[in-house]
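Coordinate inspection notes
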Amino acid sequence: MAAPVRDREALQRLNFLFQAAHWVLPHSPALARFYCSTQRGAARRLVLRMAPSVKRLLCRRCCSLLLPGAGGCQRLRGGEGDPQKGGGGQPRTVIGCWSCGRTRRFLFRREPRPRATPTGQRGWDEPKGWG
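Numbers given for residues are sequential positions, taken from 1 along each chain in its written order. A pLDDT threshold of at least 70 governs which residues receive local features in this predicted model, and a stricter bar of 80 or more applies before side-chain atom pairs are shown or counted, although totals over entire chains, interfaces and linings include all residues. The basis for every side-chain value is the complete set of heavy atoms in the structure, and neither hydrogens nor water enter the calculation.

Quick look at the nonpolar core now. By size, the foremost hydrophobic cluster in this structure holds 16 residues, and its most contacted members are Cys 36, Leu 58 and Leu 65. The numbering of helices and of strands both runs from the N terminus, where a helix is a DSSP run of H or I of at least 4 residues and a strand a run of E of at least 2. For this core, the secondary-structure elements that each account for two or more residues are helix 1 (8–24) and helix 2 (29–45). The contact definition used throughout considers only heavy atoms, calling two residues in contact when any of these lie within 4.5 Å. Once you skip the residues sitting within four places of it in the chain, Leu 58 turns out to touch Cys 36, Gln 39, Arg 40, Met 50, Ser 64, Leu 65, Leu 66 and Arg 104. Among buried residues, those of type Ala, Val, Leu, Ile, Met, Phe, Trp, Tyr and Cys that are joined through side-chain atoms within 4.5 Å constitute a nonpolar core. Only protein chains enter the area calculation, which uses a 1.4 Å probe; residues under 20% of their type maximum are buried, those over 50% are exposed, and those in between are partly exposed. Of all hydrophobic cores here, the second largest spans 5 residues; its members include Cys 59, Cys 62, Leu 66 and Cys 97.

The following block contains the structure:
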């Protein structure tokens, strides 16, 4: 049996504020921002950790929701291509806030490389001539 959750009422209150901010955002972005800032202040005051999925949707500067098309924009950058046009380096997602202009970057996870087999050989065939 799982251990009882500490501060269940506080977590329910934070969840309610986050859902209310989502629901109110199309009608009143200022009220949604107030709900998000209240949620962040309550979590900080009660020393509770917010889930990473919730933290990614909040702007750190102005506490607005970063939903694509509603309060922010989402772009894909990096990977193959010209580095001067944002094409070089590791692929990443760039999320920008429409209220304050702050951007956040999240790296994509690369596919895992094949691990070495117990005999020391690699998991793929090496080209002939690599002795």
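Back to the write-up after that little detour.
This part covers the side chain of Arg 104. Mapped onto the secondary structure, Arg 104 falls in strand 3 (residues 103–107). Two residue types count as positive, namely Lys and Arg, and two as negative, namely Asp and Glu; His and chain ends fall outside the count. Only one rule defines a salt bridge in this text: a Lys or Arg side-chain nitrogen within 4 Å of an Asp or Glu carboxyl oxygen. No salt bridge is formed by the buried Arg 104, whose closest oppositely charged neighbour, Asp 7, lies at an N-O distance of 23 Å. Within the structure, Arg 104 has its side chain in polar contact with the backbone oxygen of Lys 55 (distance 3.0 Å). Setting aside anything within four residues of it in sequence, one finds Arg 104 in contact with Lys 55, Arg 56, Leu 58, Arg 60, Leu 66, Thr 93, Val 94 and Ile 95. Any pair of N or O atoms that falls within 3.5 Å is considered a polar contact. Within protein, one atom must be able to donate a hydrogen and the other to accept it, and sequence-neighbouring residues count only if both atoms are side-chain atoms.

This part is about a positive patch on the surface. Together, Arg 49, Lys 55, Arg 56, Arg 60, Arg 61 and Arg 102 make up a positively charged patch on the protein surface. On the basis of relative accessible area, Arg 56 is assigned to the partly exposed category, the value being 42%. The patch calculation keeps residues exceeding 30% relative accessible area without a salt bridge and links them within 9 Å when they carry like charges or within 5 Å when they are nonpolar (Val, Leu, Ile, Met, Phe, Trp, Tyr). Using a 1.4 Å probe, the Shrake-Rupley method yields the accessible areas, and only the shown protein chains count as cover for residues. Where a charge lies is defined by one atom per residue type, namely NZ (Lys), CZ (Arg), CG (Asp) and CD (Glu).

Take helix 2 next. Expected helix span is taken as 1.5 Å per residue step, with the number of steps being one fewer than the number of residues. The first and last C-alpha atoms of helix 2 sit 24 Å apart over 17 residues, in line with the 24 Å expected at 1.5 Å per residue. Every buried residue of helix 2 is listed here: Ala 32, Cys 36, Gln 39, Arg 40, Ala 42 and Ala 43. The buried residues of helix 2 occupy an angular sector of 165 degrees when the element is viewed end-on, so they sit on one face. Along helix 2, the residues that are exposed and aim more than 90 degrees away from the buried face are Ala 30, Arg 44 and Arg 45. Looking at the buried positions of helix 2, the neighbouring elements they touch are helix 1 and helix 3 (52–56). Among the residues trailing helix 2, Val 47 stands out with phi positive, at a value near 55 degrees. Here, the arc refers to the directions that run from the helix axis to the C-beta atoms.

Every angle, taken between N-to-C directions, lies between 0 and 180 degrees, and every axis is a line fitted to C-alpha atoms, over only the stretch in contact when it is a helix. Here helix 1 crosses helix 2 at 165 degrees, and the two axes come no closer than 8 Å. The angle between helix 1 and helix 2 places the two elements in the roughly antiparallel class. Crossing of helix 1 over helix 2 shows left-handed handedness. On helix 2, the residues touching Leu 14, Leu 17, Phe 18, Ala 20, Ala 21 and Val 24 of helix 1 are Leu 31, Ala 32, Tyr 35, Cys 36, Thr 38, Gln 39, Ala 42 and Ala 43. In these notes the angle categories are as follows: under 35 degrees is roughly parallel, over 145 is roughly antiparallel, 65 to 115 is roughly perpendicular, and the rest is oblique. Left-handed describes a crossing in which the near helix is turned anticlockwise from the far one by less than a right angle; the clockwise case is right-handed.

One open sheet accounts for 3 strands, arranged 1-2-3; its pairing is antiparallel. The open sheet terminates on both sides in strands that have one partner only, identified here as strand 1 (72–77) and strand 3. Neighbouring strand axes in the sheet, compared pairwise and without regard to direction, differ in orientation by 20 degrees on average. Of the strand pairs in this sheet, strand 1 and strand 2 (residues 92–97) are connected by 6 bridges, and their pairing is antiparallel. Each bridged residue has a counterpart across the sheet, and for Leu 76 the counterpart in strand 2 is Thr 93. Being paired, for any two strands, means DSSP has found at least two bridges between them.

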